[in-house]
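# Examining the three-dimensional arrangement
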Amino acid sequence: MAFHNILGQIGEEEACRYLIRKGYTLLDRNWRVGHLEIDIIAEWYGEIIFVEVKTRSNEDFAPALTAVDEEKLQNLRLAAGHYLHIHSLDQPIRFDVITVVGTQKPFTITHYAGGKQG
C-alpha cells in the first residue's frame, strides 16, 4: 500500500480518537453508497455529524483544508442524505472537516465544526 494511503488511514484513526476524547459517539466509518463515501459519522448531543478527514504529511504546498472543495462537499451532502434516508433518521445534522497534519505522533489536528474552526 502506498505511503499516502497508509497515512490517510492513520489520519482517520487519529480523527476518531480525537472525536471520542471530545465526547462524540462514533456511528460509522468509511460508509459508502455507490461511489460516495463518508469518512466518519458521529453523534453529538442528538446531532448527526458527517465528517470529512483530510490528512497531509505537511502543508508546505497548501493547507489540508483546501482539499475539501465544493465538489467534495456536494458529494458529502448527497451521501449524508442517503445515510439519513437508509437509517430513517430525522435529527439535526452538521458537516465537519478534520485535518490531520504530520507523519507521526503528535499530529496537528484541526477540527472545523460546521465550517468553524474549533
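A brief structural summary.

## Examining the overall build of the protein
From N to C terminus, the protein includes two helices and six strands. Tracing the protein from N to C terminus, the helices and strands come up as α-β-β-β-α-β-β-β. In terms of overall dimensions, the protein is globule-like: its C-alpha atoms have a radius of gyration of 14 Å, near the 13 Å expected for 118 residues. Each of the three principal axes of the protein carries a C-alpha extent, and together these read 40 × 30 × 25 Å. By the burial criterion, 36% of the 118 residues in the protein qualify as buried. Residue pairs at least 24 apart in sequence account for 53% of intrachain contacts in the protein once pairs closer than 6 positions are excluded. Accessible surface, the protein as shown: approximately 7000 Å² in total, 51% of it carbon and sulfur.

## Some details on the pattern of salt bridges
Tallied over the full model, the rule gives nine salt bridges. The partner of Arg32 in a salt bridge is Glu37, with the nearest N and O atoms 3.2 Å apart. Residue class for Glu37 comes out partly exposed when judged on its relative accessible area of 24%. As a salt-bridge pair, Arg77 and Glu70 come within 3.2 Å of each other at their nearest N and O atoms.

## So, the pairing of strand β1 (residues 25-33)
The pairing of β1 with strand β2 (residues 36-44) spans seven bridges and is classified as antiparallel. From the neighbouring strand, Thr25 faces β2, where its bridge partner is Glu43.

## Considering the pairing of β2
The hairpin turn running from β1 into β2, its antiparallel successor, is two residues long, and Gly34 in that turn takes a positive phi close to 60°. Here β2 folds back onto strand β3 (residues 47-56) in antiparallel fashion, the turn holding two residues, of which Tyr45 has a positive phi close to 50°.

Calculation rules
- Residues numbered from 1 in each chain as written.
- Predicted model: local features only at pLDDT ≥ 70, side-chain atom pairs only at ≥ 80, totals over all residues.
- Heavy atoms only, no water.
- Helix = DSSP H or I, 4+ residues; strand = E, 2+ residues; numbered from the N terminus.
- Rg over C-alpha atoms; globule rule 2.2 N^0.38 Å.
- Buried < 20%, exposed > 50% of the residue type's maximum accessible area, 1.4 Å probe, protein only.
- Contact = heavy atoms within 4.5 Å.
- Areas by Shrake-Rupley, 256 points an atom, 1.4 Å probe, with all protein chains shown as cover.
- Salt bridge = Lys/Arg side-chain N within 4 Å of Asp/Glu carboxyl O.
- Pairing = 2+ DSSP bridges.

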